[in-house]
Amino acid sequence: MMMTPPNRRHQRIASNLESLLNPALKRYSSAYVAYQAIGVNIVSAVPYDPEPDVAVIREDEDPDPRHAERFYLLAEVLSESDKDVIESKRDIYRGHPFCTCILLVRQDRAEIAVDLRTDDGWRSQAAQAADELALPEFGLICPVRDVYRDTPLA
């Protein structure tokens, strides 16, 4: 499917998130790694495999260099074109048995919706510019503004 390339702000935000996650993951558990724009294989009624902006996987579980079967964190940097599909993507990601965290990162303002799987189901919260992004199960605690570094939203 032909798609318009993401704008520079979108790319910077995804790059920042990946560069924040990888050192945190390395300290937390060297088995996990974050990638930008890796495909994720999802068995569902969706006729395509989504390509989240950032995904956390385990290298030892995913030998395919293009797609991951198991993923633990997915992040989508939201664009205008995502408005109509983001809730369906969110539901698809929530249905994956290994996914424990979904980040919906705004690019029109410094705000990140964080969905975390708990024993009681999914818990959602919003992190604003002045807040911390706390993902202790991935070793990451940082100011939200760090995700927006080098953009007008920082």
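Relevant structure appears above.
As the structure is a prediction and not an experimental result, all values here were calculated from the model. (Residues numbered from 1 in each chain as written. Predicted model: local features only at pLDDT ≥ 70, side-chain atom pairs only at ≥ 80, totals over all residues. Heavy atoms only, no water.)

J.: Any chance you could explain the sheet that holds strand E6 (residues 101–105) here in plain terms?
T.: Strands belonging to one sheet form pairs held by backbone hydrogen bonds; the direction of such a pair is parallel or antiparallel. Spatially, 6 strands are ordered E1-E3-E5-E6-E7-E8 in an open sheet, and the strand pairing comes out mixed. Looking at strand neighbours, the two that pair on one side only are strand E1 (32–36) and strand E8 (121–128), the edges of this open sheet. Neighbour-to-neighbour, the strand axes of the sheet open up by a mean angle of 20 degrees, direction not taken into account. Direction of pairing for E6 relative to strand E7 (residues 111–118): antiparallel, over a ladder of 5 bridges. Residue cysteine 101 lies in a different strand from E7, and its bridge partner there is leucine 116. (Pairing = 2+ DSSP bridges. Helix = DSSP H or I, 4+ residues; strand = E, 2+ residues; numbered from the N terminus. Axes fitted to C-alpha atoms, helices over the stretch in contact; angles between N-to-C directions.)

J.: Help me understand the pairing of E6 in this model?
T.: Regular strands show a simple pattern: their side chains alternate between the two faces of the sheet. Counting buried positions over the 5 residues of E6 gives 5, a clear majority of the element. Because side chains alternate across E6, one face comprises the buried residues Cys101, Leu103 and Val105, and the other comprises Ile102 and Leu104, equally buried. When strand E5 (residues 73–77) meets E6, the two strands line up parallel, connected through 5 bridges. Paired with glutamate 76 across the bridge in E6 is leucine 104. One crossover worth recording links E5 to the parallel E6 by way of helix H2 (residues 86–94), and it is right-handed. In this antiparallel pair of consecutive strands, E6 and E7, the connection spans 5 residues. (Buried < 20%, exposed > 50% of the residue type's maximum accessible area, 1.4 Å probe, protein only. Right-handed = clockwise from strand over helix to strand, strands pointing away.)

J.: Would you take a moment to explain the pairing of E7 for this structure?
T.: Note: E7 against E8, 8 bridges, orientation antiparallel. By the bridge assignment for E8, isoleucine 112 is matched with alanine 127. Hairpin connection between E7 and E8: a loop of 2 residues separates the two successive antiparallel strands.

J.: Help me understand the pattern of salt bridges, please; the structure alone is not making it clear to me.
T.: Any two side chains of opposite charge can pair if their charged atoms end up close together. Inspection of every chain in the model, using the stated rule, returns 11 salt bridges. Here glutamate 87 makes a salt bridge to arginine 90, at a shortest N to O gap of 3.0 Å. Of the two residues, glutamate 87 and arginine 90 are both situated in helix H2; the distance of 3 residues between them amounts to about one turn of the helix. A relative accessible area of 43% places glutamate 87 in the partly exposed class. As a salt-bridge pair, arginine 106 and aspartate 108 come within 2.6 Å of each other at their nearest N and O atoms. Residue classification places arginine 106 among the partly exposed positions, given a relative accessible area of 22%. A residue is classified by how much of its surface remains accessible, and aspartate 108, at 46% relative accessible area, is partly exposed. Ionic contacts of the salt-bridge type, sharing partners, join the residues Arg58, Asp60, Glu61 and Arg70 into one network. (Salt bridge = Lys/Arg side-chain N within 4 Å of Asp/Glu carboxyl O.)

Don't take any of this as a statement about function, it's just geometry.
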